[in-house]
Amino acid sequence: MALLHKKVAVRWVLVLIWLGVLITVVFGAFVRHQLMGGKKLGVVGVWAVKVASYPKQVKDAFEDILGFNQQILPNKNTAIKGLVYFTNQKDTAALLTTVYNPQYSQTAVQLINLNNGSIIHEWIPPLKTIRSATHNQNPFFQSSVLNAVRARALHPLLLSDGSIIAKFNEGPLFRLDSNNHLMWMIDGVFHHSTEIDADGNIWTPTVLDTSFIPESLANKNRNDAIACISPQGKVLLKESVAQILMDNGYKALLLGTSEIEEDPLHLNEIKPALYSSKYWQKGDLLISLRHKSTVFLYRPSTHKIIWLKTGPWLNQHCPDFVDSTHISVFGNNIIRTFALGGDKLFKKNNEVYLYNFANDSITKPFSKVFSEKSIGTLTEGRAKILPNGTAFVEETNFGRAFRVSPTNVLWEFKYPIDDTHISMLSWGRYLFKKGEGKYNYCEN
C-alpha cells in the first residue's frame, strides 16, 4: 500500500506519455505499411494488422454475448408504424421484404398486402439447420453472419410455387418452400442482390476463395465474382469481376484509381436484361461496383463489356432497366472515409439517377421528394421506377420503404418491433399481382 502513496516525478509521467505516443505512432505506421501492400516488415507486419483488428473482434464477441441486434432500429417518427397512406388511392400490389421478427427471435421474409398491410405469407428460414450445414473455408466468411441477431435473409426472390430464394448476407444461398422446408443450400459467401433471368436462372454476387491481386502485392483482397445458379441449386457459372475488367481493358480502373483495399470493388448488383433493345441484348448483365462508383453492361456470351460509366452517382446500389432506352441507379451519394466517424452523405440525401442511352444524358426525377423526406441511407438502399412514373424506394439503414411520385410520398412502411423501435428492412421488392394464385406476383 505504501507504494500507492509515493509521489511520482512529473518528468517520469511525461516520459511515459511520450513513450506511449511513440509506440502508437510506430504501431500505426506498421499497420499502414502492411495494409498498403508493404512486405518489408515480414511477420511483424502481419502481427500488427492482427493486433489492430483485435478490438473489433472483441466488440463483435461482446455484441453476440449481450445480444446486441443491429437489425433493430429506433423509430425516429413514432407516428408512423406499419403501413401509412398519404393518399386516398390504395395500392393493389404487394411488398416482399425481410424483417427481424421478435416472435421468432430471427430474420423472417414477409409478403405484405399493400392495400391494407396484412401479411399474405411469412417464411421463417431454418437458421439452425443452415448453420449446422455450413462448413465454409473461404477466408472472407465469418460464422457470426449466421448468428440470430445478425443473420438477414437478404433480397428474397419469390417463385410461383411459393418458394423463395435468398441468402444470409455474406453466407449460404438457399431455397425454401412455402412451408419453410429447405429445398437446397449452397455453402459459400453470397451477398447483395438475388435476380432471375429470362431462362429462370438466378444471378447473385459471390466471393471466390483466393485473392485476385497477388497477396505479395496487396495483401488479402476480395475476389468478387458473378454467379449463375439453376432453380435446382446447381452452380452454372462463377466469373471473377476483376478478371472481366482486366480482359476488357479496364486495368487502370481496377488497379490505378486508389489504394488496393481488402474490398476493392464491392460488387452489389447483377441485373439480367429480360429483353433486347437498341442498347443491350436479352441476357446482358447490368453490374454495379460500389467502391468504384461504376455501373457497366456485360455480355457473358462474348465476355465483353459493352458500356461502362463511372458516376455521377457515388457508391451506388440497385441499377435497373427501366425501358428500352433508360436505366436507373440508386445513388447513395456518400463519400467513403475512415475519418470523422465514417461514411458521410455528400449532399444531404440519396438520389435516383435516370440515364438515357439515346443521348447520354442524366436526369434526377425524384430529387424533390428525396430532399423533402430526407431519404439518406449511407449503405444499401433500393429504388425501382414503376411503369406509371412512380417509384418504390427502400431506405435500408433506417427501416423505411416508400412509394413516391416525383413530388409526393404515396405511402410509407415500417415494421414495428415495439412502441419505439422498428426493424431494418433487407432489400424488399414491389410486386405486381399477375393472377389468382396466392403467390402469383411479379416484379416486372
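Residues numbered from 1 in each chain as written. Predicted model: local features only at pLDDT ≥ 70, side-chain atom pairs only at ≥ 80, totals over all residues. Heavy atoms only, no water.

### Overview of the nonpolar core
As a reminder of what qualifies: Put simply, buried Ala, Val, Leu, Ile, Met, Phe, Trp, Tyr and Cys residues joined by side-chain atoms within 4.5 Å make one nonpolar core. Residue exposure (1.4 Å probe, protein chains only): buried if accessible area is under 20% of the type maximum, exposed if over 50%, otherwise partly exposed. The secondary structure listing takes helices from DSSP runs of H or I that are at least 4 residues long and strands from runs of E that are at least 2 residues long, numbered from the N terminus. Note on contacts: a residue pair qualifies if any of its non-hydrogen atoms lie within 4.5 Å across the two residues.
By size, the foremost hydrophobic cluster in this structure holds 24 residues, and its most contacted members are L96, L111, W123, L158, F168 and F174. No other element matches strand β7 (residues 164-168), which puts three residues into this core. In contact with L111, not counting residues within four places along its chain, are A94, L95, L96, S118, I119, I120, H121, W123, L158, L431, K438 and Y441. Judged by nonpolar contacts, the second largest core, of 18 residues, contains A242, L253, L254 and I270.

### Some words on the sheet that holds strand β30 (residues 441-442)
Strand pairing in a sheet relies on backbone hydrogen bonds. The paired strands run either parallel or antiparallel. Basically, it comes down to this: Here, any two strands with at least 2 DSSP bridges between them count as paired.
On the basis of which strands lie adjacent, the open sheet formed by five strands has the order β5-β4-β3-β29-β30 and antiparallel pairing. Taken across any chain shown, the strands that pair with only one partner, and hence form the sheet edges, are β5 (119-123) and β30. Note: strand β4 (residues 106-113) against β5, four bridges, orientation antiparallel. When the bridges of β5 are listed, I112 appears paired with I119.

### Notes on the packing of aromatic side chains
As a reminder, the rule being used: Stacked, edge-to-face and tilted labels apply to pairs of Phe, Tyr and Trp rings (six-membered ring for Trp) whose centres lie within 6.5 Å, assigned for plane angles under 30 degrees, over 60, and everything in between, in that order.
Enumeration according to the criterion identifies 13 aromatic pairs in this entry. With centroids separated by 5.6 Å and ring planes inclined at 25°, the aromatic side chains of Y279 and F357 adopt a geometry described as stacked. Of the two residues, Y279 sits in the loop between β14 (267-272) and β15 (285-289) while F357 sits in the loop between β22 (351-356) and β23 (361-363), which places them 78 residues apart along the sequence. Given a relative accessible area of 23%, Y279 falls into the partly exposed group.

### Quick word on a nonpolar patch on the surface
Applied cut-off: Patch definition: residues above 30% relative accessible area lacking any salt bridge, with like charges linked at up to 9 Å and the nonpolar side chains Val, Leu, Ile, Met, Phe, Trp and Tyr linked at up to 5 Å. Here, Shrake-Rupley sampling with a 1.4 Å probe gives the accessible areas, and only protein chains in the shown set may cover a residue. Criterion for a salt bridge: a side-chain nitrogen of Lys or Arg within 4 Å of a carboxyl oxygen of Asp or Glu.
A grouping of W12, V15, L16, W18, L19, L22 and I23 is seen on the molecular surface, where their side chains present a nonpolar patch of about 740 Å² in accessible area. Structurally, the position occupied by W12 is in helix α1 (residues 10-35).

### Some words on the sheet that holds strand β2 (residues 82-85)
As a reminder, the rule being used: Only C-alpha atoms enter the line fits that serve as axes; for helices the fit covers just the stretch in contact. Angles between N-to-C directions range over 0 to 180 degrees.
Spatial strand order, β2-β27-β26-β25-β24: five strands in an open sheet with antiparallel pairing. Strand pairing shows two members of the sheet lacking a second neighbour, β2 and β24 (382-385), which therefore form its edges. Between one strand axis and the next, the sheet turns through 15° on average, direction left out of account. Of the pairings in the sheet, the one linking strand β25 (residues 391-395) to strand β26 (residues 400-404) comprises five bridges and is antiparallel in character. When the bridges of β26 are listed, E394 appears paired with A401.

### Some thoughts on the layout of surface pockets
The test is simple: Definitions used for this entry: grid spacing 1 Å over protein atoms alone; cavity, a set of points where a 1.4 Å probe fits but cannot get out; pocket, an open set with protein on both sides within 12 Å along at least 5 of 7 lines; lining residue, one with an atom within 4 Å of a point. Grid points are joined across faces, edges and corners, and a volume is the space filled by probe spheres set on the points. Charged means Asp, Glu, Lys or Arg here, nonpolar means Ala, Val, Leu, Ile, Met, Phe, Trp, Tyr, Cys or Pro, and polar covers whatever is left, Gly included.
Reported here for the second largest pocket is a volume of approximately 290 Å³. In terms of lining, the second largest pocket is formed by 17 residues, of which the most central are L157, L158, I196, C442 and E443. Broken down by secondary-structure element, the contributors of at least two residues to the lining of the second largest pocket are β6 (153-158), β10 (195-196), β14, β29 (429-433) and β30. Classifying every residue of the lining of the second largest pocket gives ten nonpolar, three polar and four charged.

### Quick word on the confidence of the model for the chain
Here is the rule we go by: In predicted models, pLDDT denotes the confidence assigned by the predictor to each residue on a 0 to 100 scale.
Summing up the model confidence of the chain, the mean pLDDT is 89 and the portion of residues at 70 or higher is 87%. Below a pLDDT of 50 lies the segment residues 56-66, which in the model reaches eight contacts outside its immediate sequence neighbourhood of four places, other chains included.

### Observations concerning unusual backbone geometry
For residues besides glycine, phi is generally negative; the peptide bonds are generally trans as well. Cis rather than trans, the peptide bond between G311 and P312 has omega equal to 15°. As for its position among the elements, P312 is in the loop between β17 (304-310) and β18 (317-321). Backbone geometry places E170, a non-glycine residue, at a positive phi of 70°. Given a relative accessible area of 17%, E170 falls into the buried group.

### Overview of the pattern of salt bridges
One pass over the full model with this rule turns up 21 salt bridges. The closest approach of N and O atoms between K368 and E372, which form a salt bridge, is 2.8 Å. Separated by four residues within a single helix, K368 and E372 lie in helix α7 (residues 367-373), roughly one turn from each other. Connected via shared salt-bridge partners are E195, E269, K271, D320, R382, K384, R429 and E443.

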